[in-house]
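Read off the chains here:
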Amino acid sequence: MTDTSTVAPGPAVWSRARRRAKEARDEEFTAFVEAAGTRLRRSAYLMCRDWHLAQDLTQHTLAKMYASWDRVRTSASVEAYSRRVLMNVVFDQQRRRSGSEIVLADLPDRPDAGTSGAPELRVTLVDALARLDVRDRAVLVLRHAEDHSVETVAAILGLSVSAVKMRNARALERLRAQLGEDFLDR
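Owing to the predicted nature of the structure, the values given are computational and were not obtained by experimental measurement. (Residues numbered from 1 in each chain as written. Predicted model: local features only at pLDDT ≥ 70, side-chain atom pairs only at ≥ 80, totals over all residues. Heavy atoms only, no water.)

Engineer: Report on the side chain of Asn168, specifying residues and quantitative values.
Structural biologist: With respect to the helices and strands, Asn168 occurs in helix H8 (residues 161-179). For Asn168, the side chain forms a polar contact with the side chain of His144, separated by 2.8 Å. Not counting chain neighbours up to four residues away, the residues in contact with Asn168 comprise Val139, Leu140, Arg143 and His144. (Helix = DSSP H or I, 4+ residues; strand = E, 2+ residues; numbered from the N terminus. Polar contact = N/O pair within 3.5 Å; in protein donor to acceptor, adjacent residues only side chain to side chain. Contact = heavy atoms within 4.5 Å.)

Engineer: Hey, could you go over the nonpolar core for me, with residue numbers and the actual values?
Structural biologist: The tendency in soluble globular proteins is for nonpolar side chains to be buried as a group. Membership of the largest hydrophobic core comes to 44 residues, with the highest contact counts inside it found for Phe32, Met47, Leu57, Met65, Met87, Leu157 and Leu175. Contributions of two or more residues to this core are made by helix H1 (11-48), helix H2 (51-67), helix H3 (69-72), helix H4 (78-96), helix H5 (119-130), helix H6 (134-145), helix H7 (150-157) and H8. Sort the elements by how many residues they give to this core and H1 lands first, with 9 residues. Filtering out sequence-adjacent residues up to four positions away, Phe32 remains in contact with Gly37, Leu62, Met65, Trp69, Val78, Glu79 and Ser82. (Core = buried A, V, L, I, M, F, W, Y, C linked by side-chain atoms within 4.5 Å. Buried < 20%, exposed > 50% of the residue type's maximum accessible area, 1.4 Å probe, protein only.)

Engineer: Please give an account of the pattern of salt bridges that cites residues and values.
Structural biologist: Overall, the coordinates contain 11 salt bridges when judged by the stated rule. Across the pair Asp70 and Arg25 runs a salt bridge, and its minimum N-O distance is 2.9 Å. Of this pair, Asp70 sits in helix H3 while Arg25 sits in helix H1, and the two are 45 residues apart along the sequence. Note on Asp70: relative accessible area 46%, which makes it partly exposed. When the shortest N-O distance is used, the salt bridge between Arg167 and Asp133 registers 3.7 Å. (Salt bridge = Lys/Arg side-chain N within 4 Å of Asp/Glu carboxyl O.)

Engineer: I'd love a proper account of the environment of Arg25, names of residues and values included.
Structural biologist: For Arg25, a relative accessible area of 13% translates into the label buried. In this structure Arg25 touches Tyr66, Ala67, Trp69, Asp70 and Arg73, once residues within four positions along its chain are discounted.

Engineer: Describe in detail unusual backbone geometry, supporting the description with residues and values.
Structural biologist: For Arg49, which is not glycine, the phi dihedral falls at a positive 65°. What makes Arg49 buried here is its relative accessible area of 17%.

Engineer: For the packing of aromatic side chains, give the residues involved together with the corresponding values.
Structural biologist: One pass over the full model with this rule turns up 5 aromatic pairs. Relative to Tyr66, the ring of Phe29 lies with its centre 5.1 Å away and its plane at 70°, an arrangement referred to as edge-to-face. Highlighted residues: Phe29 in helix H1 and Tyr66 in helix H2, separated in sequence by 37 residues. For Phe29, a relative accessible area of 10% translates into the label buried. Here Tyr66 falls in the partly exposed class, since its relative accessible area comes to 29%. With a centroid separation of 5.0 Å and 80° between ring planes, the pair formed by Phe29 and Trp69 is classed as edge-to-face. Of this pair, Phe29 sits in helix H1 while Trp69 sits in helix H3, placing them 40 residues apart in sequence. Across the pair, exposure class does not vary: Phe29 and Trp69 are buried alike. (Phe/Tyr/Trp six-rings, centres within 6.5 Å; stacked < 30°, edge-to-face > 60°.)

Engineer: Got a sec to walk through the packing of H5 against H8? Specific residues and values, please.
Structural biologist: The description of two helices packed together rests on the angle between their axes and the distance between the axes. Put simply, H5 and H8 touch, their axes get as near as 10 Å, and they point 125° apart. With respect to H8, the element H5 is oriented oblique. Note that H5 runs across H8; the crossing there is right-handed. Contacts between H5 and H8 involve Thr124, Leu125, Ala128 and Leu129 on the former and, on the latter, Leu175, Gln178 and Leu179. When grouped by side-chain class, the residues that make up the contact of H5 with H8 number 5 nonpolar, 2 polar and no charged. (Axes fitted to C-alpha atoms, helices over the stretch in contact; angles between N-to-C directions. Parallel < 35°, antiparallel > 145°, perpendicular 65-115°, else oblique. Left-handed = near helix turned anticlockwise from the far one by under 90°. Nonpolar A, V, L, I, M, F, W, Y, C, P; charged D, E, K, R; others polar.)

Okay, structure coming up:
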């Protein structure tokens, strides 16, 4: 007679355990996507001015995050990591994009409830943002649209705090030059 208390679990038990672990992992990732997806897409749109491209960039970001989710989910800030991945995806896309390509901005079907101001004002500002360098645009989007601290923006973009401050000041100055001094004070 064999003692079953010392026998190691068989492959069927391991398979069920792995399946349950994968289901739990997928549920956790799905909850993250539901919480952060809209924010990521909005930031991507501010960077590229094209809702369809913003959706693609967001999907690419989420695919990269899913591939490394086991490592990422235990990190201190999954939100900060997602912003960093998104900005890297945007920078990569910007490098690949042809210089002759022209993106036309379409307004979304419904404006966000939290967004204030006239649609014309937002379109004008988004158009002005698009004329900035992609890294300057990233600083302004993270700093002002997402309201992150200078230190957080520096960490996300891999820059020094002073470089973020300098880029922010210069980018705001370029916006003022494009739009007029009193436009940004509205």
